[in-house]
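# Geometric and topological summary
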Amino acid sequence: MHSLSLETLQIYWWFIVSLLGGLLVFMMFVQGGQTMIFSLGKNEIQKDMLINSIGRKWELTFTTLVMFGGACFAAFPLFYATSFGGAYWVWLAILFCFIVQAVSYEYRKKPDNFLGAKTYEIFLFINGSVGVILIGMAVSTFFAGSDFVLNDQNFVQWQTPWRGLEALTNPMLYLLGLAMFFLSRVGGALYLINNIDDEEFRANARKALLRNTIAFLPFFLAFLAWVLMKDGFGYDKDGIVSMISYKYALNLIQMPWIAAAMIVGVLLVLYGIFKGAFSKSIYGILPYGIGVTLVVTALFLITGLNDTAFYPSFNDLQSSLTIKNASSSHYTLGVMAYVSLLVPVVLAYIFVVWRAIDSKKITQDEIANDHHAY
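Sequence order sets the numbering: in each chain, residues are counted from 1 along the sequence as written. The predicted origin of the model limits local features to residues at a pLDDT of at least 70 and limits the giving and counting of side-chain atom pairs to 80 or more, whereas totals for whole chains, interfaces and linings rest on all residues. Values shown for side chains rest on all heavy atoms present in the structure; no hydrogens or waters enter the calculation.

An unreviewed UniProt entry annotates the protein as Cyanide-insensitive cytochrome oxidase CioAB, subunit II originating from Campylobacter curvus. UniProt positions are given in the numbering used here, feature names are shortened, and annotations may be inferred rather than shown by experiment. Under Subcellular location (unreviewed entry), UniProt gives the following word-for-word description of the protein: "Cell membrane". Here is the UniProt Sequence similarities (unreviewed entry) comment for the protein, exactly as written: "Belongs to the cytochrome ubiquinol oxidase subunit 2 family."

So, on to helix H7 (residues 88–107). Secondary structure elements follow DSSP: runs of H or I no shorter than four residues count as helices, runs of E no shorter than two count as strands, and numbering proceeds from the N terminus. To estimate how far a helix should extend, the number of its residues minus one is multiplied by 1.5 Å. Between its terminal C-alpha atoms H7 stretches 28 Å, which fits the 28 Å expected from 20 residues at 1.5 Å a residue. To sort residues, take the accessible area from a 1.4 Å probe on protein chains only and compare it with the maximum for the residue type: under 20% means buried, over 50% means exposed, and anything in between is partly exposed. Those residues of H7 that fall on the buried side of the exposure criterion are Val90, Trp91, Ile94, Cys97, Phe98, Val100, Gln101, Ser104 and Tyr105. Here, two residues are considered to be in contact whenever any of their heavy atoms come within 4.5 Å of each other. In the core, the buried residues of H7 are packed alongside helix H2 (29–34), helix H4 (44–55), helix H5 (58–75), helix H6 (77–86) and helix H8 (117–144).

Right, let's get into the packing of aromatic side chains. Working definition: a ring pair exists when centres of Phe, Tyr or Trp rings (six-membered ring for Trp) sit within 6.5 Å. Plane angles under 30 degrees give stacked, over 60 give edge-to-face, the rest tilted. Applying the stated criterion across every chain, the model contains 32 aromatic pairs. Seen in terms of ring centroids, phenylalanine 62 and phenylalanine 98 are 5.9 Å apart; in terms of plane orientation they differ by 45 degrees. Their pairing is tilted. With a gap of 36 residues between them, phenylalanine 62 in helix H5 and phenylalanine 98 in helix H7 connect regions that are remote in the sequence. Ring geometry for phenylalanine 79 versus phenylalanine 142: centroids 5.7 Å apart, planes at 85 degrees, classification edge-to-face. Here phenylalanine 79, found in helix H6, pairs with phenylalanine 142, found in helix H8; they are 63 residues apart in sequence, far enough to count as distant.

Regular strands place their side chains on alternate faces of the sheet. Burial of the side chains of strand S3 (residues 232–235) extends over both faces: Gly232 and Gly234 are buried on one face and Phe233 and Tyr235 on the other. Here S3 pairs with strand S4 (residues 241–244) via four bridges, running antiparallel. Bridge pairing in S4 links glycine 234 to serine 242. DSSP-based pairing: two strands are paired if at least 2 bridges between them are found. Taken together, S3 and the strand that follows it, S4, pair antiparallel across an intervening segment of five residues, in which glycine 239 is found at a positive phi of about 85 degrees.

This next bit is on the packing of helix H10 (residues 199–229) against helix H12 (residues 256–278). It is the contact of H10 with H12, at a shortest axis distance of 8 Å, that shows an interaxial angle of 140 degrees. Classified by the interaxial angle, the pair formed by H10 and H12 is oblique. Crossing handedness for the pair H10 and H12: left-handed. Judged by residue contacts, Arg206, Leu209, Leu210 and Thr213 of H10 engage Ile273, Lys275, Gly276, Ala277 and Phe278 from H12. Think of each axis as a best-fit line through the C-alpha atoms, taken over the contacting stretch in the case of a helix, with angles from 0 to 180 degrees between the N-to-C directions. Just so you know how the angles are binned, under 35 degrees is roughly parallel, over 145 roughly antiparallel, 65 to 115 roughly perpendicular, and the rest oblique. By convention the crossing between two helices is left-handed if the near helix lies anticlockwise of the far one by an angle smaller than a right angle, and right-handed if it lies clockwise.

Here we take up H6. Inspection of H6 places Leu78, Phe79, Thr82, Ser83 and Gly86 among the buried residues, and these make up the whole buried set. Down the axis of H6, the buried set is contained in an arc of 110 degrees. They therefore lie on one face. Where the residues of H6 are buried, they touch H5, H7, H8, strand S1 (148–150) and strand S2 (156–158). This arc is built from the directions going out from the helix axis to the C-beta atoms.

As a further point, take the nonpolar core. Core analysis: the largest hydrophobic core is formed by 110 residues, its most contacted members being Trp13, Trp14, Leu50, Phe143, Tyr288 and Phe310. The biggest single contributor to this core is helix H9 (residues 173–195), with 14 residues. Setting aside its immediate chain neighbours within four residues, phenylalanine 310 contacts Trp14, Phe79, Phe142, Thr303, Gly304, Leu321, Thr322, Ile323 and Ala326. What we call a nonpolar core is a set of buried Ala, Val, Leu, Ile, Met, Phe, Trp, Tyr and Cys residues that are connected through their side-chain atoms within 4.5 Å.

We now examine the packing of helix H1 (residues 6–27) against helix H14 (residues 330–340). When two helices pack together, you describe them by how their axes are tilted relative to each other and by the distance separating the axes. Relative to each other, H1 and H14 sit at 45 degrees, their axes nearing to 10 Å. In terms of orientation, H1 and H14 fall into the oblique class. Seen along the crossing, H1 lies across H14 with a hand that is left-handed. Judged by residue contacts, Leu6, Leu9, Gln10, Tyr12 and Trp13 of H1 engage His330, Leu333, Gly334, Met336, Ala337 and Ser340 from H14. Considering only residue class, the contact of H1 with H14 consists of seven nonpolar, four polar and no charged. Under the grouping applied here, Gly and all other residues not named as nonpolar or charged are polar, the nonpolar ones being Ala, Val, Leu, Ile, Met, Phe, Trp, Tyr, Cys and Pro and the charged ones Asp, Glu, Lys and Arg.

In structure tokens:
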């Protein structure tokens, strides 16, 4: 890996970060399922089935989020310091949403629970809604820019006291936030159809899948139109950042392999939804998962490749971060590239554990007689 050029390693690590971002959005079916506690759980036993189904996967979403942050810290430390160290209020809000999730699964059914099960179910709903929307809005700043300046020592100076929460005042950022919210519910419905062996529950989940797909499409299409029509943040061979018309649309045209991945991903998502909503199949989650990962990975790639600033500053264009000025040293990227070869091993482990957990579908009898259920 040390024989590779610095530029090649920077591109390689941006691909790893993008792939982890894609996997994270797919894994948010856990959060989507949590938001259906009160709508799909028609009675207490159905509610318990739902929570125990997604509760067996909640650590995977959190682990993927940590891996995403860790990859950013190791490969692009200036980005990590600028975003996580500058826009810390928004990241603290996201972290809080994930903390209450962990607590809720642990204590919801504990004896002598003085807050009551309903309180922890509301916490799970907050994690699945507010947490997901905030992550979507944070990712949108890769396209819209943020309000920061880097000084000569590369110390970040955020220009508002809101430290990232000022993004809440930009209506365009809600497009991806709400699209991700409804997409996570689509994924949640598909996973529950696959994992819970109960005909009434599956029928209700298929209806919920269709409703949330209809709600998701306008937000996603509006977000895509906004991205493809807006000016983007490009840089020249000297690293000078400037605004370029239709930059993200040009990136897709100039990197057709990314455009192809996005188109294939969209078709796979639609195929997975079709299988879930209009057939008796319980395996729509598989094409959906691959499709979501491809589309989100492609979106991340067009923000950082082809001379594009992936974390732009609209306050000071020259403070914008690129994979060239924000990355670790050649030596660090090279050493870590060897470590990254373990990623397929981790993915294989997740796959094996997933298969083992899901080999036996959840039924009413199992939950009613399981004294260790969530």
